[in-house]
Amino acid sequence: MNWIFLFLAGLFEVLFAFCLGKAKDSIGNWVYYWYLGFFISLCISMGLLIKVTKTLPIGTSYAVWTGIGAVGSIIVGIVFFKEPMEFWRLFFLFTLVASIIGLKFLSN
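Residues numbered from 1 in each chain as written. Predicted model: local features only at pLDDT ≥ 70, side-chain atom pairs only at ≥ 80, totals over all residues. Heavy atoms only, no water.

## Some words on the confidence of the model for the protein
Atom-level detail of predicted coordinates should not be read off regions where pLDDT is low. With 99% of its residues at a pLDDT of 70 or more, the protein shows a mean pLDDT of 94. Per-residue pLDDT, averaged within each element of the protein, yields its smallest value for helix H4 (residues 87-106) (90) and its largest for helix H2 (residues 30-52) (98). (pLDDT = per-residue confidence, 0-100. Helix = DSSP H or I, 4+ residues; strand = E, 2+ residues; numbered from the N terminus.)

This is how it looks when you write it as structure tokens:
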């Protein structure tokens, strides 16, 4: 169950990165809504990470959490913010995903 919570924590990390990107591109009062979404997502993500580290090793938890956030943020950047999709970027994204999967199997 903790791995599910860790995955959710990583997804909320992606969400707060998305909110930051949208806040940067927003005008008027929408900026405040995106920052509110950032703050709520950040609190949920950190709360889940804290819960997970009570049973999973801190090093593994943190590495997987940041890895999910990094992978998700890169994908969100490519899809929603028109960031470049280059070979080397995708190559290292793949190695990051492989590392996350490897950490999951080693921590059992």
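Right, picking up where we left off after that structure.
## Notes on the state of the cysteines
Using the criterion set out here, one finds zero disulfides in the structure. Distance from the sulfur of Cys 19, which forms no disulfide, to the nearest cysteine sulfur (Cys 43) is 12 Å. (Disulfide = S-S within 2.5 Å.)

## Structural notes on the packing of helix H1 (residues 2-25) against H2
Packing of H1 against H2 leaves a shortest axis separation of 8 Å and a crossing angle of 160°. In terms of axis orientation, H1 runs roughly antiparallel to H2. Considering the relative orientation of H1 and H2, their crossing is left-handed. A per-class count over the contact of H1 with H2 returns 20 nonpolar, four polar and three charged. (Axes fitted to C-alpha atoms, helices over the stretch in contact; angles between N-to-C directions. Parallel < 35°, antiparallel > 145°, perpendicular 65-115°, else oblique. Left-handed = near helix turned anticlockwise from the far one by under 90°. Nonpolar A, V, L, I, M, F, W, Y, C, P; charged D, E, K, R; others polar.)

## Observations regarding unusual backbone geometry
Positive phi values are uncommon outside glycine, yet Lys 82 reaches one of about 55°. Following the sequence through the fold, Lys 82 ends up in the loop between helix H3 (58-80) and H4.

## Let's talk about the packing of aromatic side chains
Counting across every chain of the model gives 11 aromatic pairs. Consider the rings of Phe 18 and Phe 80, whose centres lie 5.3 Å apart with planes at 65°: the pair is edge-to-face. Taken together, the residues Phe 18 in helix H1 and Phe 80 in helix H3 connect sequence positions 62 residues apart. Its relative accessible area of 17% is what places Phe 18 among the buried residues. Note on Trp 30 and Tyr 33: the rings are 5.5 Å apart at their centroids and 65° apart in plane angle, and the pair reads as edge-to-face. Of the two residues, Trp 30 and Tyr 33 are both situated in helix H2; the distance of three residues between them amounts to about one turn of the helix. Each member of the pair, Trp 30 as well as Tyr 33, carries the same accessibility label: exposed. Through a chain of ring-to-ring contacts, three or more aromatic side chains come together here, namely Phe 18, Trp 34, Phe 80 and Phe 81. (Phe/Tyr/Trp six-rings, centres within 6.5 Å; stacked < 30°, edge-to-face > 60°. Buried < 20%, exposed > 50% of the residue type's maximum accessible area, 1.4 Å probe, protein only.)

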